[in-house]
Amino acid sequence: MFVCMCYGVTDKMIKEAVTEQGIGNIRELQQHLTLGEQCGKCINMARNIIDDVIVDE
Ligand code: FES
């Protein structure tokens, strides 16, 4: 599923960034993947995915 349509970032890419790269918040994610810099509509969903993965770990 695409989270960021503007940059083509999927939920799978975000989950992998959290589990494999130790990304822990939206700022770190944006340093790792380009997302949220155009319309910004994906930021809340990306944040929720990060939080969900961290809670599940
Ligand atoms: Fe991510 Fe537009 S959907 S910046």
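Before any of the text, the structure's been laid out above.
Predicted model, so just to flag it, every value in this text is computed and none were measured.

J.: Residues and numbers for the overall build of the protein, please.
T.: A count of helical and extended segments in the protein gives three helices and two strands. Sequence-ordered secondary structure for the protein, helices as α and strands as β, is β-β-α-α-α. Compactness check: the protein gives a C-alpha radius of gyration of 10 Å against a globular reference of 10 Å for 57 residues, within 12% of the reference. With respect to the three principal axes, the spread of C-alpha positions in the protein is 30 × 20 × 15 Å. For the protein, the proportion of its 57 residues judged to be buried stands at 35%. Of the roughly 3800 Å² of accessible surface on the protein, 47% is carried by carbon and sulfur atoms. Taking the average location of the 5 positive side-chain charges in the protein and that of its 9 negative ones, the two points are 8 Å from each other.

J.: Describe helix α3 (residues 43-56), and please don't skip the residues or the numbers.
T.: A rise of 1.5 Å per residue sets the reference length of α3, with its 14 residues, at 20 Å; its end C-alpha atoms lie 20 Å apart and thus fit the reference within 8%. Turning to α3, its buried residues are Ile 43, Ala 46, Ile 49, Ile 50 and Val 53. All buried residues of α3 project into a common sector of 130° when viewed along the axis, lining one side. Exposed positions of α3 whose direction lies more than 90 degrees from the buried face are Asn 44, Asp 52, Val 55 and Asp 56. Buried-residue contacts for α3 involve β1 (2-4), α1 (11-21) and α2 (26-32).

J.: Talk me through the packing of α1 against α3; I want residue IDs and the actual numbers.
T.: Remark: α1 packs on α3, axes separated minimally by 9 Å, with the N-to-C direction vectors making an angle of 45°. Comparing their axes, α3 and α1 come out oblique. Crossing hand, α1 versus α3: right-handed. Residues Asp 11, Ile 14, Lys 15, Val 18 and Thr 19 of α1 form the contact with α3, whose own contacting residues are Ala 46, Ile 49, Ile 50, Val 53 and Ile 54. Across the contact of α1 with α3, the residue classes break down as seven nonpolar, one polar and two charged.

J.: I'd like a rundown of the nonpolar core, residues and numbers included.
T.: In terms of nonpolar packing, the biggest core is built from 17 residues, with Ile 14, Leu 29, Leu 35 and Ala 46 touching the most fellow members. Mapped onto this core, the elements with two or more residues apiece are β1, α1, α2 and α3. The greatest single-element share of this core, amounting to five residues, is contributed by α3. Leave out the neighbours within four places in its chain, and Leu 35 touches Cys 4, Tyr 7, Val 9, Ile 14, Leu 29, Gln 30, Cys 42 and Ala 46.

Thresholds, definitions, all that
Residues numbered from 1 in each chain as written. Predicted model: local features only at pLDDT ≥ 70, side-chain atom pairs only at ≥ 80, totals over all residues. Heavy atoms only, no water. Helix = DSSP H or I, 4+ residues; strand = E, 2+ residues; numbered from the N terminus. Rg over C-alpha atoms; globule rule 2.2 N^0.38 Å. Buried < 20%, exposed > 50% of the residue type's maximum accessible area, 1.4 Å probe, protein only. Areas by Shrake-Rupley, 256 points an atom, 1.4 Å probe, with all protein chains shown as cover. Lys, Arg positive; Asp, Glu negative; His and termini not counted. Charge placed at Lys NZ, Arg CZ, Asp CG, Glu CD. Expected span 1.5 Å × (residues − 1). Arc of directions from axis to C-beta. Contact = heavy atoms within 4.5 Å. Axes fitted to C-alpha atoms, helices over the stretch in contact; angles between N-to-C directions. Parallel < 35°, antiparallel > 145°, perpendicular 65-115°, else oblique. Left-handed = near helix turned anticlockwise from the far one by under 90°. Nonpolar A, V, L, I, M, F, W, Y, C, P; charged D, E, K, R; others polar. Core = buried A, V, L, I, M, F, W, Y, C linked by side-chain atoms within 4.5 Å.

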